Amino acid sequence: MPLTLYNRLTRRESPFEPLEPGKVRMYCCGVTVYDYCHVGHARAYIVWDMVRRYLMWRGYDVRYVQNFTDIDDKILDRARETNSTMEAVAERFIDEYFVDMDKLNILRADEYPRATHTIDGIKRLIHELENKGYAYASGGDVYYNVRQFADYGKLSGRKLEEMQAGASGRLETAEIEAQKKQDYSDFALWKSAKPGEPAWDSSWGKGRPGWHIECSAMVRDCLGETIDIHCGGSDLTFPHHENEIAQSEAATGKSLANYWMHNAFVTVNGKKMSKSLHNFITIRDLLDGNWSGDLESNPPSPPLVRGGVRMKARSQKRWNRWR
Ligand SMILES: [Zn+2]
(Lines give C-alpha, C1' and ligand atoms only; values in the text may rest on other atoms or scores of the structure.)
Protein backbone atom coordinates (compact mmCIF):
# COMPACT_ATOMS: atom_id res chain seq x y z
CA MET A 1 0.00 0.00 0.00
CA PRO A 2 1.48 3.38 -0.93
CA LEU A 3 2.23 5.73 1.91
CA THR A 4 0.28 8.98 1.76
CA LEU A 5 1.04 12.10 3.77
CA TYR A 6 -0.94 15.25 4.44
CA ASN A 7 1.19 18.02 2.99
CA ARG A 8 0.52 21.47 4.45
CA LEU A 9 2.06 23.04 1.36
CA THR A 10 -0.49 21.58 -1.07
CA ARG A 11 -3.22 21.12 1.57
CA ARG A 12 -3.78 17.64 0.23
CA GLU A 13 -2.91 14.08 1.03
CA SER A 14 -0.54 12.79 -1.58
CA PRO A 15 1.61 9.70 -2.12
CA PHE A 16 4.99 10.02 -0.46
CA GLU A 17 7.77 10.05 -3.01
CA PRO A 18 11.21 10.72 -1.56
CA LEU A 19 13.89 12.55 -3.54
CA GLU A 20 16.06 9.46 -3.48
CA PRO A 21 14.34 6.05 -3.52
CA GLY A 22 14.47 4.39 -0.10
CA LYS A 23 15.87 7.44 1.68
CA VAL A 24 14.18 10.18 3.70
CA ARG A 25 15.72 13.47 4.69
CA MET A 26 13.74 14.96 7.55
CA TYR A 27 14.25 18.19 9.51
CA CYS A 28 12.36 19.22 12.61
CA CYS A 29 12.49 22.61 14.35
CA GLY A 30 13.79 22.01 17.85
CA VAL A 31 13.55 23.80 21.16
CA THR A 32 14.92 27.12 22.33
CA VAL A 33 17.02 26.01 25.27
CA TYR A 34 16.25 28.26 28.25
CA ASP A 35 14.04 26.08 30.44
CA TYR A 36 12.76 22.54 31.05
CA CYS A 37 10.54 21.03 28.39
CA HIS A 38 6.83 20.79 29.12
CA VAL A 39 4.13 18.35 28.05
CA GLY A 40 3.53 20.34 24.84
CA HIS A 41 7.11 19.60 23.79
CA ALA A 42 6.64 15.94 24.72
CA ARG A 43 3.65 15.74 22.43
CA ALA A 44 5.49 17.37 19.54
CA TYR A 45 8.57 15.16 19.69
CA ILE A 46 6.57 11.99 20.29
CA VAL A 47 4.63 12.79 17.11
CA TRP A 48 7.81 13.19 15.05
CA ASP A 49 9.42 10.16 16.66
CA MET A 50 6.36 8.17 15.63
CA VAL A 51 6.48 9.47 12.04
CA ARG A 52 10.19 8.71 11.87
CA ARG A 53 9.84 5.22 13.34
CA TYR A 54 6.96 4.47 10.99
CA LEU A 55 9.07 5.48 7.98
CA MET A 56 11.90 3.29 9.30
CA TRP A 57 9.47 0.42 9.78
CA ARG A 58 8.38 0.87 6.16
CA GLY A 59 12.01 0.27 5.23
CA TYR A 60 13.20 3.81 4.58
CA ASP A 61 16.68 4.89 5.54
CA VAL A 62 15.71 8.01 7.51
CA ARG A 63 18.13 10.81 8.28
CA TYR A 64 16.51 12.93 11.00
CA VAL A 65 17.94 16.29 12.00
CA GLN A 66 16.61 18.49 14.78
CA ASN A 67 18.17 21.78 15.82
CA PHE A 68 18.71 23.60 19.09
CA THR A 69 18.10 27.34 19.11
CA ASP A 70 20.90 28.34 21.43
CA ILE A 71 20.88 32.09 20.90
CA ASP A 72 17.72 33.99 21.69
CA ASP A 73 16.46 36.86 23.86
CA LYS A 74 14.85 34.37 26.25
CA ILE A 75 18.17 32.59 26.82
CA LEU A 76 19.91 35.92 27.36
CA ASP A 77 17.20 36.99 29.83
CA ARG A 78 17.57 33.71 31.72
CA ALA A 79 21.34 34.16 31.82
CA ARG A 80 20.92 37.65 33.30
CA GLU A 81 18.37 36.47 35.86
CA THR A 82 20.61 33.66 37.03
CA ASN A 83 23.91 35.53 36.76
CA SER A 84 25.07 33.05 34.17
CA THR A 85 26.05 33.11 30.50
CA MET A 86 24.09 32.31 27.38
CA GLU A 87 26.38 29.37 26.68
CA ALA A 88 25.96 27.91 30.18
CA VAL A 89 22.16 28.27 30.13
CA ALA A 90 21.97 26.66 26.67
CA GLU A 91 24.33 23.83 27.61
CA ARG A 92 22.38 23.06 30.77
CA PHE A 93 18.98 22.91 29.09
CA ILE A 94 20.30 20.88 26.16
CA ASP A 95 21.39 18.30 28.75
CA GLU A 96 17.98 18.48 30.46
CA TYR A 97 16.26 18.10 27.08
CA PHE A 98 18.06 14.77 26.53
CA VAL A 99 17.17 13.55 30.04
CA ASP A 100 13.47 14.14 29.37
CA MET A 101 13.39 12.81 25.80
CA ASP A 102 15.34 9.68 26.78
CA LYS A 103 12.78 9.00 29.50
CA LEU A 104 10.06 9.27 26.86
CA ASN A 105 11.98 6.75 24.76
CA ILE A 106 12.31 9.17 21.86
CA LEU A 107 15.05 8.17 19.43
CA ARG A 108 17.98 10.54 19.30
CA ALA A 109 18.29 12.56 16.09
CA ASP A 110 21.11 11.76 13.68
CA GLU A 111 22.34 15.28 14.15
CA TYR A 112 21.57 18.20 16.49
CA PRO A 113 22.92 21.34 14.83
CA ARG A 114 23.08 24.49 16.90
CA ALA A 115 22.58 28.04 15.68
CA THR A 116 25.85 29.23 17.27
CA HIS A 117 27.78 26.44 15.49
CA THR A 118 26.31 27.44 12.10
CA ILE A 119 27.36 31.09 11.94
CA ASP A 120 29.49 30.63 8.78
CA GLY A 121 26.65 28.92 6.91
CA ILE A 122 24.25 31.64 8.08
CA LYS A 123 26.52 34.45 6.88
CA ARG A 124 27.04 32.69 3.54
CA LEU A 125 23.30 32.40 3.01
CA ILE A 126 22.69 36.06 3.86
CA HIS A 127 25.40 37.11 1.40
CA GLU A 128 23.76 35.06 -1.33
CA LEU A 129 20.42 36.70 -0.61
CA GLU A 130 22.03 40.12 -0.66
CA ASN A 131 23.73 39.39 -4.01
CA LYS A 132 20.45 38.23 -5.52
CA GLY A 133 18.58 41.32 -4.34
CA TYR A 134 16.50 39.60 -1.65
CA ALA A 135 18.24 41.22 1.30
CA TYR A 136 19.48 44.68 2.22
CA ALA A 137 21.72 46.02 4.96
CA SER A 138 20.37 48.82 7.11
CA GLY A 139 21.98 50.37 10.17
CA GLY A 140 24.10 47.32 11.04
CA ASP A 141 21.15 44.94 10.52
CA VAL A 142 20.29 42.97 7.39
CA TYR A 143 16.66 42.49 6.37
CA TYR A 144 14.87 40.16 4.00
CA ASN A 145 12.90 42.00 1.34
CA VAL A 146 9.65 40.04 1.49
CA ARG A 147 7.99 41.78 -1.47
CA GLN A 148 10.82 40.54 -3.67
CA PHE A 149 9.80 36.89 -3.17
CA ALA A 150 6.76 36.20 -5.33
CA ASP A 151 5.78 32.95 -3.57
CA TYR A 152 5.66 34.50 -0.08
CA GLY A 153 2.63 33.15 1.78
CA LYS A 154 2.36 29.86 -0.11
CA LEU A 155 2.65 27.70 3.02
CA SER A 156 0.49 29.66 5.45
CA GLY A 157 -1.94 30.98 2.84
CA ARG A 158 -1.52 34.51 4.20
CA LYS A 159 -1.60 37.46 1.87
CA LEU A 160 1.04 40.12 2.30
CA GLU A 161 -1.57 42.83 2.79
CA GLU A 162 -3.06 40.99 5.79
CA MET A 163 0.22 40.64 7.60
CA GLN A 164 1.48 42.60 10.50
CA ALA A 165 5.17 43.02 11.12
CA GLY A 166 6.54 39.66 12.19
CA ALA A 167 9.05 41.13 14.64
CA SER A 168 10.10 38.79 17.38
CA GLY A 169 11.79 39.48 20.66
CA ARG A 170 11.63 42.52 22.85
CA LEU A 171 9.33 45.44 22.17
CA GLU A 172 12.06 48.07 22.04
CA THR A 173 13.93 45.86 19.54
CA ALA A 174 10.81 45.77 17.37
CA GLU A 175 10.58 49.56 17.39
CA ILE A 176 14.19 50.02 16.37
CA GLU A 177 13.80 47.37 13.68
CA ALA A 178 10.72 49.13 12.31
CA GLN A 179 12.77 52.26 11.62
CA LYS A 180 15.43 50.34 9.72
CA LYS A 181 13.08 48.32 7.52
CA GLN A 182 12.02 49.34 4.04
CA ASP A 183 8.68 47.61 4.48
CA TYR A 184 6.71 46.46 7.55
CA SER A 185 6.70 42.86 6.28
CA ASP A 186 10.50 42.60 6.07
CA PHE A 187 12.25 40.56 8.75
CA ALA A 188 15.76 40.54 10.23
CA LEU A 189 18.40 38.13 8.92
CA TRP A 190 21.21 39.70 10.94
CA LYS A 191 20.92 41.94 13.99
CA SER A 192 23.59 44.40 15.02
CA ALA A 193 25.35 43.75 18.31
CA LYS A 194 23.97 45.12 21.56
CA PRO A 195 26.25 45.92 24.49
CA GLY A 196 26.93 42.91 26.67
CA GLU A 197 25.36 40.42 24.27
CA PRO A 198 27.17 37.72 22.28
CA ALA A 199 28.11 38.85 18.79
CA TRP A 200 30.06 37.60 15.78
CA ASP A 201 32.14 39.53 13.24
CA SER A 202 30.63 40.02 9.81
CA SER A 203 30.90 42.33 6.83
CA TRP A 204 27.82 44.17 8.19
CA GLY A 205 29.54 44.71 11.54
CA LYS A 206 29.36 42.73 14.76
CA GLY A 207 26.03 41.06 15.28
CA ARG A 208 24.01 37.89 15.57
CA PRO A 209 21.64 35.99 13.30
CA GLY A 210 17.87 36.28 13.24
CA TRP A 211 15.95 33.17 14.25
CA HIS A 212 14.53 32.22 10.82
CA ILE A 213 17.82 32.24 8.92
CA GLU A 214 19.33 29.80 11.43
CA CYS A 215 17.03 26.97 10.37
CA SER A 216 17.50 27.67 6.64
CA ALA A 217 21.27 27.43 7.12
CA MET A 218 21.12 24.33 9.36
CA VAL A 219 18.84 22.45 6.93
CA ARG A 220 21.25 23.19 4.11
CA ASP A 221 24.40 22.34 6.10
CA CYS A 222 23.06 19.04 7.42
CA LEU A 223 20.70 17.76 4.72
CA GLY A 224 21.20 19.76 1.51
CA GLU A 225 19.23 22.29 -0.51
CA THR A 226 16.05 20.25 -0.87
CA ILE A 227 14.76 17.82 1.75
CA ASP A 228 11.83 15.44 1.87
CA ILE A 229 9.98 16.37 5.05
CA HIS A 230 10.16 19.56 7.09
CA CYS A 231 8.21 19.39 10.31
CA GLY A 232 7.48 21.41 13.43
CA GLY A 233 4.66 22.83 15.54
CA SER A 234 1.70 24.35 13.71
CA ASP A 235 2.42 27.72 15.36
CA LEU A 236 5.63 27.79 13.32
CA THR A 237 3.81 27.82 9.98
CA PHE A 238 3.83 31.61 10.07
CA PRO A 239 6.14 33.41 10.19
CA HIS A 240 8.95 30.92 10.87
CA HIS A 241 8.41 28.30 8.16
CA GLU A 242 7.15 30.85 5.66
CA ASN A 243 10.37 32.80 6.18
CA GLU A 244 12.52 29.67 5.95
CA ILE A 245 10.96 28.97 2.52
CA ALA A 246 11.49 32.58 1.41
CA GLN A 247 15.15 32.52 2.45
CA SER A 248 16.14 29.07 1.20
CA GLU A 249 14.19 29.10 -2.05
CA ALA A 250 15.30 32.63 -3.00
CA ALA A 251 18.92 31.64 -2.43
CA THR A 252 18.91 28.27 -4.20
CA GLY A 253 16.05 28.57 -6.67
CA LYS A 254 14.98 25.10 -5.47
CA SER A 255 12.17 23.83 -3.29
CA LEU A 256 13.23 23.71 0.40
CA ALA A 257 11.04 20.76 1.35
CA ASN A 258 8.63 18.66 -0.68
CA TYR A 259 6.38 17.82 2.30
CA TRP A 260 5.54 20.12 5.21
CA MET A 261 4.02 18.51 8.29
CA HIS A 262 2.86 20.18 11.53
CA ASN A 263 1.85 18.91 14.93
CA ALA A 264 -1.05 20.45 16.83
CA PHE A 265 -0.84 21.67 20.44
CA VAL A 266 -1.61 20.38 23.86
CA THR A 267 -4.27 22.80 25.05
CA VAL A 268 -5.31 23.79 28.55
CA ASN A 269 -8.87 25.12 28.70
CA GLY A 270 -8.69 25.88 24.99
CA LYS A 271 -5.35 27.68 25.15
CA LYS A 272 -2.03 26.38 23.89
CA MET A 273 0.18 25.01 26.65
CA SER A 274 3.16 27.35 26.65
CA LYS A 275 5.79 28.82 28.86
CA SER A 276 4.64 32.35 28.14
CA LEU A 277 1.08 31.59 29.34
CA HIS A 278 2.37 29.86 32.50
CA ASN A 279 -0.15 27.07 31.98
CA PHE A 280 2.38 24.31 31.56
CA ILE A 281 3.39 21.11 33.29
CA THR A 282 6.98 20.07 32.78
CA ILE A 283 7.83 16.58 31.57
CA ARG A 284 10.01 16.33 34.67
CA ASP A 285 7.10 17.00 37.04
CA LEU A 286 4.89 14.53 35.23
CA LEU A 287 7.45 11.73 35.24
CA ASP A 288 8.46 12.39 38.86
CA GLY A 289 4.86 11.64 39.79
CA ASN A 290 2.89 8.51 39.13
CA TRP A 291 3.53 8.47 35.41
CA SER A 292 6.12 6.67 33.40
CA GLY A 293 7.47 7.65 30.00
CA ASP A 294 6.70 4.09 28.97
CA LEU A 295 3.01 3.86 28.08
CA GLU A 296 2.76 0.16 28.97
CA SER A 297 3.70 0.68 32.59
CA ASN A 298 1.33 3.55 33.38
CA PRO A 299 -1.49 2.82 35.80
CA PRO A 300 -4.70 1.95 33.93
CA SER A 301 -6.82 4.62 35.63
CA PRO A 302 -4.59 7.33 36.98
CA PRO A 303 -6.28 9.54 39.54
CA LEU A 304 -7.67 12.57 37.80
CA VAL A 305 -6.89 16.01 38.96
CA ARG A 306 -7.79 19.16 37.03
CA GLY A 307 -7.27 18.79 33.31
CA GLY A 308 -6.86 15.03 33.66
CA VAL A 309 -3.22 15.22 34.73
CA ARG A 310 -1.64 14.45 38.06
CA MET A 311 0.41 17.39 39.09
CA LYS A 312 3.11 17.91 41.60
CA ALA A 313 2.90 20.87 43.95
CA ARG A 314 5.16 23.06 41.82
CA SER A 315 3.10 22.58 38.68
CA GLN A 316 -0.12 22.92 40.68
CA LYS A 317 1.06 26.29 41.95
CA ARG A 318 1.84 27.51 38.46
CA TRP A 319 -1.50 26.20 37.28
CA ASN A 320 -3.41 28.00 40.00
CA ARG A 321 -1.58 31.23 39.27
CA TRP A 322 -2.49 30.95 35.62
CA ARG A 323 -6.14 30.22 36.35
ZN1 LIG B 1 13.05 26.20 12.45
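Everything here concerns the structure above.
This report concerns the structure included in the present document.

The final tally for this structure, using the stated rule, is 14 aromatic pairs. Between F68 and F98, the aromatic rings sit 5.7 Å apart at their centres with planes inclined by 90 degrees, giving edge-to-face as the arrangement. Pair noted here: F68 is in the loop between β4 (61-66) and α2 (73-81) and F98 is in helix α3 (residues 86-103), with a separation of 30 residues, a long-range link. Seen in terms of ring centroids, Y134 and Y144 are 6.2 Å apart; in terms of plane orientation they differ by 20 degrees. Their pairing is stacked. Of this pair, Y134 sits in the loop between α4 (119-131) and β5 (135-138) while Y144 is found in strand β6 (residues 141-144), placing the two residues 10 residues apart along the sequence. One exposure class covers both Y134 and Y144, and it is buried. Three or more aromatic residues link up through ring pairs in this structure, and these residues are Y45, F68, Y97, F98 and Y112. If you follow K272 out to its NZ or CZ, it ends over the ring of F265, 5.0 Å from the centre.

Before going further, it helps to spend a moment on the side chain of D186. Turning to its location among the elements, D186 is positioned in the loop between α5 (171-180) and β7 (187-192). As a buried residue without a salt bridge, D186 has its nearest oppositely charged side chain in R147, at a separation of 6.3 Å. At 2.5 Å, the side chain of D186 and the side chain of Y136 are in polar contact. Each residue touching D186, except ones within four places of it in the same chain, is listed here: Y136, Y143, Y144, N145, V146 and K181.

Here the focus is the sheet that holds strand β8 (residues 207-209). Backbone hydrogen bonds are what pair the strands of a sheet, in a parallel or an antiparallel way. On the basis of which strands lie adjacent, the open sheet formed by 4 strands has the order β5-β6-β7-β8 and antiparallel pairing. Edge positions in the sheet fall to β5 and β8, since each of these pairs with one other strand and no more. Between one strand axis and the next, the sheet turns through 20 degrees on average, direction left out of account. The sheet contact formed by β5 and β6 spans 4 bridges and is antiparallel. Residue pairing in the sheet places A137 in a bridge with V142 of β6.

Taken in spatial order, the 4 strands make up an open sheet running β4-β3-β9-β10, and their pairing is parallel. Unpaired on one side and paired on the other, β4 and β10 (257-263) mark the two borders of the sheet. Averaged over all pairs of adjacent strands, the angle between strand axes in this sheet comes to 20 degrees, irrespective of strand direction. Bridge count for strand β3 (residues 23-28) against strand β9 (residues 227-233) is 3 bridges, and the pairing is parallel.

Bringing the pairing of β7 into the picture now. Most of β7 sits inside the fold, with 5 of its 6 residues counted as buried. In this sheet, β7 lies alongside β6 in antiparallel orientation, the contact comprising 3 bridges. When the bridges of β7 are listed, Y144 appears paired with F187. When β7 meets β8, the two strands line up antiparallel, connected through 3 bridges. Within β8, the position partnered with K191 by the bridge is R208.

Attention now moves to helix α7 (residues 237-252). Here α7 spans 21 Å end to end across 16 residues, near enough to the 22 Å set by a 1.5 Å rise per residue. Of the residues flanking the end of α7, it is G253, one or two places downstream, whose phi is positive at about 75 degrees.

Each value, and the rule that gives it
- Position numbers for residues start from 1 in each chain and track the written sequence from start to end.
- Local features are withheld for residues below a pLDDT of 70 in this predicted model, meaning they are given only at 70 or higher, and side-chain atom pairs are given and counted only at 80 or more; totals for whole chains, interfaces and linings count all residues.
- Only heavy atoms go into the side-chain values, all of them from the structure, while hydrogens and water stay out.
- Paired rings are identified among Phe, Tyr and Trp, the last through its six-membered ring, by centres lying within 6.5 Å, and are further divided according to the angle between planes into stacked (under 30 degrees), edge-to-face (over 60) and tilted (the rest).
- Secondary structure elements follow DSSP: runs of H or I no shorter than four residues count as helices, runs of E no shorter than two count as strands, and numbering proceeds from the N terminus.
- A 1.4 Å probe rolled over the protein chains alone gives each residue an accessible area, and that area as a share of the maximum for its type sets the label: buried under 20%, exposed over 50%, partly exposed in between.
- Think of it as a cone above the ring: NZ of Lys or CZ of Arg counts as a charge over the ring if it is within 6 Å of the ring centre and within 35 degrees of the ring normal.
- This count recognises Lys and Arg as positive and Asp and Glu as negative, with His and chain-terminal groups excluded.
- Between Lys or Arg on one side and Asp or Glu on the other, a salt bridge is scored when a side-chain nitrogen of the former is within 4 Å of a carboxyl oxygen of the latter.
- We call two N or O atoms a polar contact when they sit within 3.5 Å, provided that within protein one can donate a hydrogen and the other can accept it, with sequence-adjacent residues counted only if both atoms are side-chain atoms.
- By definition in these notes, contact holds between two residues if any of their heavy atoms fall within 4.5 Å.
- In this description, strands pair whenever DSSP reports at least two bridges between them.
- Each axis is a line fitted through C-alpha atoms, taken for helices only over the stretch in contact, and angles between the N-to-C directions span 0 to 180 degrees.
- To estimate the expected span of a helix, subtract one from its residue number and multiply by 1.5 Å.

Functional significance is not addressed by these values, which are geometric in nature.
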